[in-house]
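Coordinates in review
Residues per chain, in single letters:
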Amino acid sequence: MTHSRRRWAALAVLLAAEAMNLLDATIVQVAGPAIHAGLPGPAADVPWFSAAYTLPFAAFLVTGGRLGDVFGRARVFKLGVAGFVLASLACAMAPDAALLIGARAVQGAAAALIVPQTIGLIRALFDGGELAKALGSIGPVMGLSAVTGPLLGGLLTQAVSWRAVFLVNVPLGLAVLFAARLLREDRAATRPRLDVTGTLLVAAGAGLLVHPLIDPAGPNPALLAAGAALVAVFGFQQRRAAAPLVEPSLFTHRGFPAALAGSLLFFAVMTGLMQVVPMQLQLGLGADVRTAGLTLLPLSAGLAVSSSFAGARLVPKFGSRVMFGGLALLTAGILAALGLGPGAYPWALALCGLGMGTFTVPFFTAALERVRPHETGSAAGLLNAVQQLGGTLGVALLGGLYLGTGTATAALGLAAALAVAAAVAVVPLSSRRGR
């Protein structure tokens, strides 16, 4: 194999691993109610099938990136893929919900080792115009994964079993591991230190905040207070840590905190919707899992199409103002679903997807425009982590509301309110003064 062909083959390996992680998240959102039907346990377990994955993913994402800097990105990537395959096998063989949730947490931690290595390994393989082309290939692959995930989850669960949605990771992951020898080892020029204390504080704090939100009986104030206290301690610890997880200078201008708030709120809406709709259709209306997957397909397709169009046409012409158009479309879609009910879900969710894709491209562009070169790695890792944490909170809040009320009305109403709050949060990103 020529050197050039080897590099593009190595890129395909990295993209396959990224797609595997996204597919796993969206497949399980559709299959969750079917998993609950096949395993003993309360309905409150259903949101945890997703949250148990995204929570450790968020908590360990920045540390996963640091481990690649220290021990080598290709080595940590392979370790993460191996852990992901083993955890997927454990999920497929789980005899009860508790063990499945535990295996999902291991999957999330393994994903936190895989995903942060991708950009660094691509940079080690390519430069110049080829680098831009290689990085540009990530978006379409992620869009395709988002489109196929719900459909694949429905079809596999309907045709085989919910266990197949985890088993599909095993041959894919083994193929990635086999082909990973194409990757060139890469590590940071200066070996960074690991912030173990900060990692444990943020993981424990996020867990204590999320856990009571999923409880159908209502949040436990003591656990919420303990989680908030740990997050506050984490903030103080980061200001004094010798090697903090988060670059402190990121918070010296308004733009980046606004980006974090917007990311948290937006991804809470996006992931929460993709959790509540399959739950309502299957648990509340008795639909099969294939129908639930097909119902989410317009959302995923709208997201893929609009993100491409926004990047090519809208953002170059209108800049960051496109964000507000995207959030307006998202809110309109949620209100249509709320007012017209499940019969309107296909086109209402398509509208939501169009809004999501229209928002994400200008949002991430504006968020990272305001970051100085030495802050880029920390900023990208933190944005990714907050994205996953937002998804976890969305599953907890919207899924918990649905389980607590038995209808999607309150959950959809909260989703619309969070979308409006996201629009308010990102206002500083639309102004040069937000720098």
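Throughout this description, residue numbers start from 1 for each chain and increase along the sequence as written. Local features in this predicted model are restricted to residues whose pLDDT is 70 or higher, and side-chain atom pairs enter the listing and the counts only when it is 80 or higher, whereas totals over whole chains, interfaces and linings include all residues. Processing note: side-chain calculations cover all non-hydrogen atoms of the structure and skip hydrogens and water entirely.

**Comments concerning the overall build of the protein chain**
As a reminder of what qualifies: By definition, any uninterrupted DSSP run of H or I lasting at least four residues is a helix, any uninterrupted run of E lasting at least two residues is a strand, and each is numbered from the N terminus. Categorising residues by exposure relies on relative accessible area from a 1.4 Å probe, with only protein chains included: less than 20% of the type maximum marks a residue as buried, more than 50% marks it as exposed, and the intermediate range marks it as partly exposed. Every residue pair with non-hydrogen atoms within 4.5 Å of one another is taken to be in contact. To be clear on the numbers: accessible area is Shrake-Rupley with a 1.4 Å probe, and residue cover counts the displayed protein chains and nothing else. Think of it this way: Lys and Arg go in the positive column, Asp and Glu in the negative one, and His and the chain ends go nowhere. Every charge is mapped onto a representative atom, which is NZ of Lys, CZ of Arg, CG of Asp or CD of Glu.
A tally of regular secondary structure across the protein chain gives 17 helices and zero strands. The 435 residues of the protein chain split such that 54% are buried. Across the protein chain, the fraction of contacts at a sequence separation of at least 24, relative to all contacts at a separation of at least 6, is 83%. Accessible surface, the protein chain as shown: approximately 17300 Å² in total, 68% of it carbon and sulfur. Averaging the coordinates of the 28 positive side-chain charges in the protein chain and doing the same for the 15 negative ones gives two points 8 Å apart.

**A short note on the packing of helix H10 (residues 196-214) against helix H11 (residues 221-240)**
Note the cut-off: Note on geometry: axes are lines fitted to C-alpha atoms, helical ones only across the stretch in contact, with angles between N-to-C directions running from 0 to 180 degrees. We call two directions roughly parallel when the angle between them is under 35 degrees, roughly antiparallel when it is over 145, roughly perpendicular when it lies between 65 and 115, and oblique otherwise. Working rule for handedness: look at the near helix, and if it is turned counterclockwise from the far one by less than a right angle, call the crossing left-handed; if clockwise, right-handed. Each residue is assigned to one class: nonpolar for Ala, Val, Leu, Ile, Met, Phe, Trp, Tyr, Cys and Pro, charged for Asp, Glu, Lys and Arg, and polar for all the others, Gly among them.
H11 packs onto H10 with a crossing angle of 155° between their chain directions and a minimal axis gap of 8 Å. It follows that H10 is roughly antiparallel to H11 by the angle criterion. Handedness of the crossing formed by H10 with H11: left-handed. Contacts between H10 and H11 involve Thr 197, Gly 198, Leu 201, Val 202, Ala 204, Gly 205, Leu 208, Leu 209, His 211, Pro 212 and Leu 213 from the former and Leu 223, Leu 224, Ala 226, Gly 227, Ala 228, Leu 230, Val 231, Val 233, Phe 234, Gln 237 and Gln 238 from the latter. Residues belonging to the contact of H10 with H11 are distributed by class as follows: 15 nonpolar, seven polar and no charged.

**Examining helix H4 (residues 97-114)**
Selection rule: For a helix, the expected span equals 1.5 Å multiplied by the residue count minus one. Think of a polar contact as two N or O atoms within 3.5 Å of one another; within protein, one of them needs to be a possible hydrogen donor and the other a possible acceptor, and neighboring residues in sequence only count if both atoms come from side chains.
In this model, H4 (18 residues) spans 26 Å end to end at C-alpha, consistent with the 26 Å of a helix rising 1.5 Å per residue. Where H4 is concerned, the buried positions are Ala 97, Leu 100, Ile 101, Ala 103, Arg 104, Gln 107, Gly 108, Ala 110, Ala 111, Ala 112, Leu 113 and Ile 114. Capping the start of H4 is the job of one residue whose side-chain oxygen sits 3.2 Å from the backbone nitrogen of Ala 98: Asp 96.

**Looking at the packing of aromatic side chains**
The condition is simple: Two rings from Phe, Tyr or Trp (for Trp, the six-membered ring) form a pair when their centres are within 6.5 Å of each other. A pair whose planes differ by under 30 degrees is stacked, one over 60 is edge-to-face, and the rest are tilted. For a Lys NZ or an Arg CZ to count as sitting over a ring, it must be within 6 Å of the ring centre and within 35 degrees of the ring normal.
The tally for this structure, following the rule as stated, stands at eight aromatic pairs. Note on Phe 266 and Phe 267: the rings are 4.9 Å apart at their centroids and 85° apart in plane angle, and the pair reads as edge-to-face. Phe 267 carries the same exposure label as Phe 266, and that label is buried. Measuring from ring centre to ring centre gives 6.3 Å for Phe 267 and Phe 364, while their planes differ by 45°; the resulting arrangement is tilted. Note that Phe 267 is positioned in helix H12 (residues 255-284) and Phe 364 in helix H15 (residues 345-369), a separation of 97 residues in sequence. The exposure class of Phe 267 is buried, given its relative accessible area of 6%. Note on Phe 364: relative accessible area 24%, which makes it partly exposed. Positioned above the aromatic ring of Phe 178, the side-chain terminus of Arg 181 is 4.2 Å from the ring centre.

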